[in-house]
Amino acid sequence: MTDQHSETGVEPSKPAVPSEFSDLMVWAAWLYFVDAMTQSDVAKTIGVSRVTVIKLLNEAKDRGLVNIKINPTVASRVETSRALAKAFELNSAFVIPDNPNRALVERLGDAGAYLLQNGLQAGDVIGVAWGRTVLAAIRNLNLEQPIDNLTVVQVAASPNGLSADFSPELCVSLCANNLGARSVSLMAPAMLSTPELKAMLLNEPSIRKQMSVIRSANKVLFGVGELTNEGTVYTSELHSTETLDGMVQSGAVGVVSGRFLATDGSEMPGPKHDRMLGLSIEELLGIPQRICVAGGLGKRDAILAALRGGLVTDLVIDLTTAQALLAEMPAQR
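The structure displayed is predicted, hence computed values, not measured ones.

Asker: What's the story with the overall build of the chain in this structure? I'm lost.
Answerer: When helices and strands are tallied, the chain shows 15 helices and 11 strands. A total of 333 residues make up the chain; the buried ones form 49% of that total. Summarising the internal contacts of the chain: among those between residues at least 6 apart in sequence, 68% fall at separations of at least 24.

Given below as structure tokens:
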């Protein structure tokens, strides 16, 4: 909008300055920085053009009348976010503040939901993995306006013993419901008894059709699991305890959708690798936007592996873990 005063070069007569302000500069600074008026409203209030208000505000800062301070905690998060994005060539790194008064998984979920839903467009096909953090993000999805033609797909089949509290089926159905999208589930177990059975199932028309839609995902929301007794992969019964312990001894440091990662982020085939149903690591890498929601120092090595392997395009993480990741960077140079 063009300011009428700037066209003529003539400013309106100035109203009397309140006695508590010595000049227009102080008055303009107070209205803008303290009363949070817009520059246009300040201009109308004190009877000058918006251009003059900008000059007055700049002069107030130059003279030291206005001292703008940035919250050190916020500054640290911004600096860490920029450093992570640069170090691992990410599109974005969403670093959440530390808060001992609220569960980390819930805070990560808040941020994960925000990042996912604010980037959605009509026609998106959203792949969803499983786990506590993924489910926390899904529970927080809440679109202000509906988006047309969204599809939510299940990228990992269901582990036999996985708790219904955060199963792939629950994650997919709840995500689709919260987004007003259609859902496509993978109606088969994650671990099959033989490679031959896996091949047969993939050739079944219904499974083949489901996999075709799943492979068309242009976004995916997933977490990273640690290979400790606290990790969900240990409670899912997808792999036996003997297999998990053996993979750790062989150098595996993390797991994504049931698939093992080495320290460099490459996939480490397990003893039953050829029996697993669901998207492979290679197929995950083919999805354009890969949103990883993970945090906690116990997952540091697993998250670092996922980042080194290029699995992540957009990361949601807590400040403490993010700083721990960056502390590992000198060893990579």
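Asker: It is not clear to me how the pairing of strand β11 (residues 314-318) should be interpreted in this structure. Could you clarify?
Answerer: A regular strand places its side chains so that they alternate between the two faces of the sheet. The element β11 is extensively covered by neighbouring structure, given that 5 of its 5 residues are classed as buried. As paired strands, strand β1 (residues 92-96) and β11 are joined by 5 bridges and run parallel to one another. Bridge pairing in β11 links Ser-92 to Asp-314. One ladder, built from 3 bridges, connects strand β10 (residues 289-293) with β11; its direction is parallel. Paired with Cys-292 across the strands is Leu-315, a residue of β11. Taken together, β10, helix α14 (residues 300-308) and β11 form a β-α-β motif whose crossover is right-handed.

Asker: I tried to follow the pattern of salt bridges on my own but got confused; where do I start?
Answerer: Side chains that carry opposite charge are capable of pairing whenever their charged atoms lie near each other. Evaluation of the coordinates by the stated rule reveals 7 salt bridges. Where Asp-110 meets Arg-102, a salt bridge forms, and the shortest distance between an N and an O atom there is 2.6 Å. Residue Arg-300 pairs with Glu-328 through a salt bridge whose shortest N-O separation is 3.3 Å. Here Glu-328 lies in the segment after α15 (319-327) and Arg-300 lies in helix α14, a separation of 28 residues in the sequence. Residue class for Arg-300 comes out partly exposed when judged on its relative accessible area of 27%. Glu-328 sits in the partly exposed class, given a relative accessible area of 25%. Here the salt bridges do not stand alone but share partners, grouping Arg-300, Asp-301 and Glu-328 into one network.

Asker: Sorry if this is basic, but what is going on with the nonpolar core here?
Answerer: Across soluble globular proteins, nonpolar side chains show a tendency to be buried alongside one another. Judged by nonpolar contacts, the single largest core of 47 residues is most densely connected at Leu-84, Phe-222, Val-224, Val-312 and Leu-315. Among the elements of the structure, α5 (72-87), β1, α10 (205-214), β5 (219-222), α13 (281-285), α14, β11 and α15 are those that each provide at least two residues to this core. The element best represented in this core is α14, accounting for 6 residues. Sequence-distant contacts of Val-312, defined by excluding residues within four places in its chain, comprise Leu-90, Phe-222, Arg-290, Cys-292, Ala-306 and Leu-307. The next biggest cluster of nonpolar side chains, apart from the first, holds 32 residues, and it includes Ala-113, Ile-126, Ala-137 and Phe-166.

Asker: Is there a simple way to think about unusual backbone geometry in this case?
Answerer: Most of the time, phi is negative for any residue but glycine, and the peptide bond is trans. Phi is positive for Ala-36, which is not a glycine, with a value near 60°. Within the element layout of this structure, Ala-36 appears in the loop between α2 (24-34) and α3 (39-46). Given a relative accessible area of 62%, Ala-36 falls into the exposed group. The residue Glu-89 is not glycine, and still its phi comes out positive at about 55°. Locating Glu-89 in the fold gives a position in the loop between α5 and β1.

Asker: I keep staring at α2 and nothing clicks. Help me out?
Answerer: Within an α-helix, residues lying three or four positions from one another point in the same direction, as the helix has 3.6 residues per turn. Buried within α2 are the following residues: Leu-24, Met-25, Val-26, Trp-27, Ala-28, Ala-29 and Leu-31. Tucked into the core, α2 has its buried residues touching α3 and α4 (50-62). At the exit of α2 stands Ala-36, carrying a positive phi of roughly 60°.

Asker: I'm lost on the pairing of β10 in this one. Help?
Answerer: Most of β10 is tucked away: 5 of the 5 residues are buried. The alternating pattern of β10 places Gln-289, Ile-291 and Val-293 on one face and Arg-290 and Cys-292 on the opposite face, and all of these are buried.

Asker: Which parts of the structure should I look at to understand the sheet that holds strand β4 (residues 182-184)?
Answerer: Within a sheet, adjacent strands bond to each other through the backbone by hydrogen bonds, running parallel or antiparallel. Spatially, the 7 strands line up as an open sheet ordered β1-β11-β10-β5-β2-β3-β4, and their pairing is parallel. Each edge of the open sheet is held by one strand with a lone partner, namely β1 and β4. Averaged over all pairs of adjacent strands, the angle between their axes in this sheet comes to 20°, without regard to strand direction. Sheet contacts for helix α8 (residues 168-179): β2 (125-128), β3 (151-154) and β4; angle to β3, the most-contacted strand, approximately 175°.

Calculation criteria
- Residues numbered from 1 in each chain as written.
- Predicted model: local features only at pLDDT ≥ 70, side-chain atom pairs only at ≥ 80, totals over all residues.
- Heavy atoms only, no water.
- Helix = DSSP H or I, 4+ residues; strand = E, 2+ residues; numbered from the N terminus.
- Buried < 20%, exposed > 50% of the residue type's maximum accessible area, 1.4 Å probe, protein only.
- Contact = heavy atoms within 4.5 Å.
- Pairing = 2+ DSSP bridges.
- Right-handed = clockwise from strand over helix to strand, strands pointing away.
- Salt bridge = Lys/Arg side-chain N within 4 Å of Asp/Glu carboxyl O.
- Core = buried A, V, L, I, M, F, W, Y, C linked by side-chain atoms within 4.5 Å.
- Axes fitted to C-alpha atoms, helices over the stretch in contact; angles between N-to-C directions.

Everything listed here is a matter of coordinates, which is why it stays silent on function.
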